[in-house]
Structure formats: structure tokens, C-alpha cells
Amino acid sequence: MSNSLSRRNFVQLGTAFGTALLVFAQSPRPLAAAAAAVSGNPEAFDQAQWASVEAITACIVPTDHEPGALEANCVNFIDKVLVREDAALLPLYQAAITALDKEAQLHFGRSFANADENERNQLLELFEANKVSHWPDTLAINPQQFLQTVIVHTLMGFLASPEYGGNRQYSGWKVVGYPGPEHHMGGYSRAQVEGRAAVLPVWAVKRES
Amino acid sequence: MKNKTRIYDVCVIGTGAGGGVMIDQLTAAGMDVVALERGPFLSSAAFNEDELKTVIRRQVFAKDKIDTYRVDQDSPTEKGNIAEIAHCVGGSMSHWGAWAWRFRPDDFHVLSKEGPVAGASLADWPISYDELEPYYYRAELDFGVAGDSGGNPFGAPRKQAYPNPPHPWRPSSRRFAQGAKKMGYTPFALPVAINSRVYGNRPACMYGGACRSNGCPINAKASTLSVSLPRALATGRLDLRTDAMVYELPLSENGRLLGARYLDENGGRHEVRARQVVLAAGAMGTAQLLLLSASTLFPDGLANGSGLVGRNYSYHHYPGVAAVFEDDLRTYTGYEAHAAVDDLHPSDSSRGFIRGGVIAESNALSNQPIAFAVGLHQFSGHPRWGLAMKQRLREFPRTMTFAGICEELSMDGNQVDLDPDTNDKFGLPVPRVTKKNHPNDAVMHRWFCDKLSELAQAAGASKVYPIRMPGAFVDNNEHLKSNPHNHGTCRMGNNPSASVVDKWCRSHEVPNLWITDGSVFPSAGGYNPTLTILANAYRVADYFVRQARSLSL
């Protein structure tokens, strides 16, 4: 298993999470332009699309007593990845957001970004159930698969290294209790591995970017 | 000096466990070797803990590979990037979890021990554990295995201690051991080819936690990339060519191989000449290349007079459960698995199945957070979004995996062949996998899942849930499409009509063709295969060099 479990997880996502696998399988070599992703200027989305995607991410990982996708700037991660590794998915995102806003207008008379929390969740339920009135027949995936793709992208944005434009101020790692990659900071001591010594998270010893 | 007419002593195809050892041993013996690797060269500098780059984007895997899968001849064929095969120097060892097991003596005599089983094609190895034992030790020495000598009462007998002492245990290892003891089992330190101290010009492990699925940034984890290839390159006798996809092994009129023909990244065609050819492209790639090399002499594929090239393709089954505890398990430290139990390994037909496997703790689900967060979605009933989902994310540092490696029975109909309908970007037919479970696999899998669940509860887990991985809910309608553990497509044996290579892993039919990867395994064993591939390659290399010196090749 060793060299395998995670990959089996992701392969399994091919069935549980059809389009997610598409997301994972993209991109030949490392992200070349990661540093540029920290800039918050939209590259893939226009203002309205940005607002819609940001609103979806806020439903996926809501804010409670700790930051959610909004504070982590997951929309920025998605905006950047859609002009890089997952550029092939940008047209799909744009068409799906249009369909989402039409659906919001139909049910609630306003755009998704302007809908309230309860209304937004109802709309996502319609996507999950594949009951969307204005879904373009030409799209390669269905509404449920689109929602799954945004969920995966949001989780990546929440939990990938901040250099990719999300996980702002390590907010995602703080929420889940991950101290960050410590290898390049000297790794863990025997006492830390054994649970006898505290682990200092990367943000406690590293200057915030 | 890369002109066409140069004739190398040996051409090795593939640089993973089987190829890397041959490259090392043959260059050390003074031979000139050309190695052809279809992936790129990623040095340790390319590896870090950037989960997005390494695990999610699958750094070491071929991105534009195509292969196909079907359950059996009557089932529809699915096309995709399905097989889990690393394409880079070091092969799958670049990202392995470094579990370094010796097979048990009975693993070499499955047919004799179990007798024929309906629907299965069990076979004995033409070698015994005792013949391989010195080479296991050689592999353990070179790859610096750290372990608890004598800690596993069910393991293969050892003559020497492991070269390195065991690593510290994290809280998850202790939890696993606690549960195991309550169940009456004997937990022990899982042997790993990861340095527990400075050894072999490589540093000690820094316990960064993320080495499963990642290359090691400091080479504390051993691989052919960090052990064998550097040594071979230092001899000056290795010509290593990367991004070189071999598509044909051309034959002379007298039935000897002339060398290999390969495509570079841009589809440019090249040929190398060599007196001997060692094929180690993985059980899938090796079978594909032999079948691609059909000729008038070998109309059904090179060295395939037995008809067994590509047949008896076997994987492992991985039963598993995830378990949530109340305390921080530190699964983001260390490496994949520090503790194991082997009590369930010995074959016992009263359990309702034959053969068995090893079980261990694992941080597979919870060493890094994206795999955890996205992985949770594979469990039915997991909240898709919202506060309830966020709450589940917070279980990250308290979650661990209990997992098994179980022996699959070989079946003649499970095979790799060439897909008649699908070509790759170069126009070559892609490998097609036809693969279903034997009923024994499904029963064993469920039994192990139940045991792992009991063990997790005995360890004090507050919540246990099955991992929905391929094979985790096996029944006869659910089959394993792909697997990082690949064996069996070119069985070794003494009978030329029942095997592809002889006991020295030399083709029965083509005298200068050798195969040294997992494809020569007659059975899969109930452990990770890599140390056995390494040991077998050392054994073959030893023979190869002796034959060369007596001018008998």
C-alpha cells in the first residue's frame, strides 16, 4: 500500500467525484507561476463571476468561529488555477456560473451572490440533484459534477500552500490543525514524533507572506 | 559517443527497482550500460512537501498516458489514464512508502502448499526463500532498511540483523499497537528502507510526514534513484537516456536481440545496439513491449511461445478502515507506517479463504490535508458542504488508517494485452488490462476489513468508517482496475511451456533477453513487492556477471 493509498484515494474519486479526477489529472509539471497567484487581481473571472464563485466557496466552507473559504480567499486560488493547470475548465466554469445565476433569478429574483445563505444552499441542492432549468446541453458535465469540481477546487484553495493564492494567512491549515510542511524547517524531532514535545506551526516561525 | 554503431554490453529498459539494481551491479562489474527510461529525471531537488504539486498533481506519474480496462472479455472497455505507474528515473520507488518486506518462505510455493484452486492459476516459484535470502540481505544493506530484527514472529527467518535500528513511534503507532495487543496480536516496527541514522552517504529521516506518494527531498528514503543510479553514473559506464519510450526490441536473423528502438519526447526515432537486453519496464510495460515486438519469428509477441506474456497479471488487495480518536495522532510526522502486525498472514482455509496478508497503521488519509479533505468525500454519508463538512475537516489530526496488504490469487484470464482499438500519441497500441477478482479475494478482503475495524475499536477509536477505495467493498461486481503493485505478466519457471523466463529470469526462447521486474513473480505474496524485486535483481545480476566472466552469455 505504502506507495499507493493516496493514489487509490484519488483514483476512487474518479467514481465518487468524476470531474475531480479531471482536475487532478491535469497539468504536466509543477505550477510555474505559483508566486503570481498571490496577487489578488482577477485573471480568469470578471467581477460578477468572481462574486458568484466566491459565494459558492463560502457555502462550501462557511465561516464560523474560525475563518472559512471567504477569509482564505479560495476564489483567488480558483481564479488563478483556471488560467494555469485547469485552464481547460474555464469555459465550463463560465457557462455553469451563468446557469447558476439564471437559476437564482428564476427562484429568488436575484443573482446567486445576492441570495441569502438559505437560498444559496437551496440552489446548491438543485445542482447536487441535477435539477437545473438552464443547464446548457452542450456542456460535457452535469450540474452535480460541476458542483463537485468547485468543492474540490475550494478544498484545494483552502488547504494548499498559500503561495497558490488561497489559504490566506494559513487560515485553512489553522482550521484543520495541520502545522504546515516542516521538512524544510528542520523536520520533526524524535520527541515531536512521539508526541512528547509541542509542534510549532510554520506560521509561528515564518514571516507571513 | 552516441553514434548508432556503438554496441553496449547491456541495454536496460526501466530504472525502477528491477532495472536500477541491474544497472548498478552491471556497471560495477565493468560493463558498459545504456539505460532507457520513459520518464524524466527528477532529482531530490524536485521533491518537497507541496501537496498540490506532488500528490494532487501526481508529479511522478505520466500525464498523457492512455490505457484501457475491462473486467472480462464480455465487458465494455473503459479508456483513460488508469494504471498507477510512475514514469521517472527510479520508477515507482521514487514515491514508494518504503515498506521493505521479505516474502515468507511459503510465498514461494503457493501451488504446492495450497493445491490447485478452481478458477485460479497458482504456481510455485522456481526458487526458494533460502536461495533468495542472501540477496534479501544484500538489498537491505544497500537500501539501509531499518527494522526490529526478530520483532515479527510470523515473518521470514533472518540470519543477520537489519542494518539500521527501528524509528521512533508516533502516537498513531502506539494506538495501533495498543489495539493489536488487546486482540492478542504481536505488533512490531514495520521494516522500512528509510534511514534511521546517517547511512550509505545518505542522511537520517527528518520525519516530515509526507514521503508516501512523494519523492524524498534529502534521499533519506532509499530508492534506485538515490542508491543505485548515482553509483552507476559515478562509474562513467552508464549512458542514461530519459524520456525514451522503447517501442520495439529488434531481432537478428538468428533470433538474438540487437538492442532497442525508442521514441524521444517529440516522437523522434532512435536505436541502440547491445549484446544483452534487460527488460524491467514494470509488469504492464514489460508485457506491452514484448507484445509490440512481435515478428515473423515470434508472431504472438517476443519470447511468447508459451502464450503467457501478459497473463496471470496480479495486484494486491488493500482492505482498510479510517478511525478517529480523541487525541492528536501526529500522523503528519514520520513516514507512512511505523507499526505492523503479521498474525493474520499465515494461510488458514478455516477462515473461508486461503492466503493472507500483513496489516499496519497508515497515515495515508491524514499526512497532508488536501488528500484528507477531498478523500473524505469518498465516504457515503459525508456532508458535501457546509458547517458539518467543516467540522469533519477538523478531525484531520485525530484520524488514522488501519490497512492491509492482501495476496491476490493469480488467474490466467487476468492479463495485459494490446488494445486493438486505441493508440497512444505516437500511434502505438496502448496496453489493455482485463482484470477481475477471484472469489477468494473478495472473501479475504471482507474478512480483513472486519478485523481492521475490530482492531481500530480495540485501539480506542471513537469513530470507525470503511475506506471507500477500489477493492474496499469488493464483491463479485466490483473489481480492481489498477494498482501500484503489479506482478505476474512474465512468470518465471522451469517449464518453458508454463513460464516466460527461466529461474535466472532469462527468456526460454531469446538467449540475450532478461526480465527483472515484478512481472516474473509467479504469485503476488502478502507483502509489498519491492524488496523482493530488488533481491531478485541482485540474484540475477550475480548470475549474469558470473556467466559473463565465464564467457557463457
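Source: prediction; values computed, not measured.

What counts and how
- Residues numbered from 1 in each chain as written.
- Chains lettered and ligands numbered in written order.
- Predicted model: local features only at pLDDT ≥ 70, side-chain atom pairs only at ≥ 80, totals over all residues.
- Heavy atoms only, no water.
- Helix = DSSP H or I, 4+ residues; strand = E, 2+ residues; numbered from the N terminus.
- Contact = heavy atoms within 4.5 Å.
- Areas by Shrake-Rupley, 256 points an atom, 1.4 Å probe, with all protein chains shown as cover.
- Buried area = accessible area lost by both parts, 1.4 Å probe.
- Salt bridge = Lys/Arg side-chain N within 4 Å of Asp/Glu carboxyl O.
- Polar contact = N/O pair within 3.5 Å; in protein donor to acceptor, adjacent residues only side chain to side chain.
- Nonpolar A, V, L, I, M, F, W, Y, C, P; charged D, E, K, R; others polar.
- Expected span 1.5 Å × (residues − 1).
- Buried < 20%, exposed > 50% of the residue type's maximum accessible area, 1.4 Å probe, protein only.
- Disulfide = S-S within 2.5 Å.
- Phe/Tyr/Trp six-rings, centres within 6.5 Å; stacked < 30°, edge-to-face > 60°.
- Lys NZ or Arg CZ within 6 Å of the ring centre and 35° of its normal.
- Patch = residues over 30% accessible without salt bridge, like charges linked within 9 Å, V, L, I, M, F, W, Y side chains within 5 Å.
- Pairing = 2+ DSSP bridges.
- Axes fitted to C-alpha atoms, helices over the stretch in contact; angles between N-to-C directions.
- pLDDT = per-residue confidence, 0-100.
- Core = buried A, V, L, I, M, F, W, Y, C linked by side-chain atoms within 4.5 Å.
- Parallel < 35°, antiparallel > 145°, perpendicular 65-115°, else oblique.
- Left-handed = near helix turned anticlockwise from the far one by under 90°.

A. Here's a closer look at the overall build of chain A. Per the secondary structure count, chain A includes 11 helices and 0 strands. Taking the intrachain contacts of chain A between residues at least 6 apart in sequence as the baseline, contacts between residues at least 24 apart amount to 61%. Taken as a whole, chain A presents about 8300 Å² of accessible surface, with 51% of it coming from carbon and sulfur.

B. Structural detail: the interface of chain A and chain B. Each side of the interface is counted separately: chain A has 75 residues, and chain B has 71 residues. Taken together, both faces of the contact between chain A and chain B bury some 6200 Å²; the carbon and sulfur share is 63%. Here chain A is connected to chain B by 4 salt bridges. Taken together, the links from chain A to chain B amount to 16 residue pairs in polar contact (both at pLDDT 80 or more). With 10 residues, the top contributor of residues to the side of chain A that touches chain B is helix 1 (residues 5-16) of chain A. Classifying every residue of the side of chain A that touches chain B by side-chain character gives 41 nonpolar, 20 polar and 14 charged.

C. Local environment of helix 6 (residues 90-108) of chain A. Residues and elements named next belong to chain A. The end-to-end C-alpha separation of helix 6 is 26 Å, in line with the 27 Å expected for 19 residues at 1.5 Å each. Within the sequence span of helix 6, burial applies to Leu90, Leu92, Tyr93, Ala96, Ile97, Ala99, Leu100, Asp101, Glu103 and Ala104. In this structure, the buried side of helix 6 is in contact with helix 3 (47-60), helix 5 (74-81), helix 7 (117-128) and helix 8 (143-159). A positive backbone phi angle near 70° is found at Gly109, which sits one or two residues after helix 6.

D. Local environment of the pattern of salt bridges. Counted under the stated rule, the structure contains 39 salt bridges over all chains. The partner of Arg84 of chain A in a salt bridge is Glu43 of chain A, and the shortest N-O contact between them spans 3.9 Å. Linking Arg84 of chain A in the loop between helix 5 and helix 6 with Glu43 of chain A in the loop between helix 2 (18-25) and helix 3, this pair joins segments that are 41 residues apart in sequence. Taking the shortest distance from any N to any O, the salt bridge between Glu133 of chain B and Lys159 of chain B comes out at 3.9 Å. Highlighted residues: Glu133 of chain B in helix 4 (residues 129-142) and Lys159 of chain B in the loop between helix 4 and helix 5 (171-182), separated in sequence by 26 residues. Given the relative accessible area of 4%, Glu133 of chain B is considered buried.

E. Local environment of the state of the cysteines. The full count for this structure, using the stated rule, is 0 disulfides over all chains. A disulfide-free cysteine, Cys59 of chain A has its sulfur positioned 13 Å from the sulfur of Cys74 of chain A, the nearest such atom. Here Cys88 of chain B stays free of any disulfide, with the sulfur of Cys216 of chain B as its closest cysteine sulfur at 14 Å.

F. Region of interest: the packing of aromatic side chains. Residue and element names in this part refer to chain B. For the structure on display, the rule yields 29 aromatic pairs over all chains. An aromatic cluster of at least three residues, connected via ring pairs, comprises Trp101, Phe103, Phe108, Trp125, Tyr129, Tyr136, Phe188, Phe521 and Tyr527. In this arrangement the basic side chain of Arg158 is found over the ring face of Tyr162, its NZ or CZ atom lying 3.6 Å from the centre. Directly above the aromatic system of Tyr315 lies the positively charged group of Lys435, at a separation of 4.4 Å from the ring centroid.

G. Structural view of a nonpolar patch on the surface. A contiguous nonpolar surface patch, about 270 Å² in accessible area, is contributed by Met185, Leu200 and Val205 of chain A. By secondary structure assignment, the location of Leu200 of chain A is in the loop between helix 10 (190-193) and helix 11 (202-205).

H. Geometry of the sheet that holds strand 16 (residues 429-434) of chain B. Residue and element names in this part refer to chain B. One open sheet accounts for 4 strands, arranged 4-3-16-15; its pairing is mixed. The sheet is open, and its two borders are formed by strand 4 (78-80) and strand 15 (415-423), each paired with just one other strand. For this sheet, the mean angle separating the axes of adjacent strands, direction not counted, is 35°. When strand 15 meets strand 16, the two strands line up antiparallel, connected through 5 bridges. Each residue of the ladder has a partner; that of Val416, found in strand 16, is Val433. Across the sheet, helix 7 (residues 282-292) touches strand 3 (67-70), strand 15 and strand 16, and the angle it forms with strand 15 is around 65°.

I. Structural detail: the confidence of the model for chain A. Residues and elements named next belong to chain A. Averaged over every residue, the pLDDT of chain A is 83; the share at 70 or more is 80%. The spread of mean pLDDT over the elements of chain A runs between helix 1, the lowest at 33, and helix 9 (residues 171-176), the highest at 98. Below a pLDDT of 50 lies the segment residues 1-33, which in the model reaches 110 contacts outside its immediate sequence neighbourhood of four places, other chains included.

J. Expanded view of the pairing of strand 16 of chain B. Residues and elements named next belong to chain B. Where burial is concerned, most of strand 16 is hidden: 5 out of the 6 residues are buried. Where strand 3 meets strand 16, 3 bridges bridge the pair, whose relative direction is parallel. Looking at the pairing, Arg70 lines up with Thr434 of strand 16. Where strand 15 folds back onto strand 16 in an antiparallel hairpin, the turn is made up of 5 residues, including Gly427, whose phi is positive at roughly 90°.

K. Up close: the nonpolar core. Residues Phe45 and Tyr93 of chain A together with Ile13, Leu36, Leu249 and Leu513 of chain B are the most contacted members of the largest nonpolar core, which totals 191 residues. Excluding residues that lie within four positions of it along the chain, Leu513 of chain B makes contacts with Leu249, Leu257, Val277, Leu279, Leu290, Leu302, Ala303, Cys505, Arg506 and Ser507 of chain B.

L. Focus on the packing of helix 3 of chain A against helix 5 of chain A. Residues and elements named next belong to chain A. Between helix 3 and helix 5, the shortest axis-to-axis distance is 9 Å and the interhelical angle comes to 125°. Of the possible angle classes, the one that applies to helix 3 and helix 5 is oblique. Helix 3 and helix 5 meet at a crossing whose hand is right-handed. In this structure, helix 3 contributes Trp50, Val53, Glu54 and Thr57 to the contact, and helix 5 contributes Cys74, Val75, Asn76, Ile78, Asp79 and Lys80.

M. Just the environment of Tyr318 of chain B, in detail. Residues and elements named next belong to chain B. With respect to the element layout, Tyr318 can be found in the loop between strand 10 (316-317) and strand 11 (320-324). Judged by its relative accessible area of 2%, Tyr318 falls in the buried class. Sequence separation of Tyr318 and Glu509 is 191 residues, and the distance between their C-alpha atoms is 36 Å. Engagement of the side chain of Tyr318 in a polar contact is seen with the side chain of Asn483, the distance being 2.6 Å.

N. Focus on helix 11 (residues 530-549) of chain B. Residue and element names in this part refer to chain B. Compared with an ideal rise of 1.5 Å per residue, which puts 20 residues at 28 Å, helix 11 spans 28 Å between its outermost C-alpha atoms and is within 8% of the ideal. Extensive coverage of helix 11 is indicated by the burial of 16 of its 20 residues. Positive backbone phi, at 55°, marks Leu551, one or two positions downstream of helix 11.

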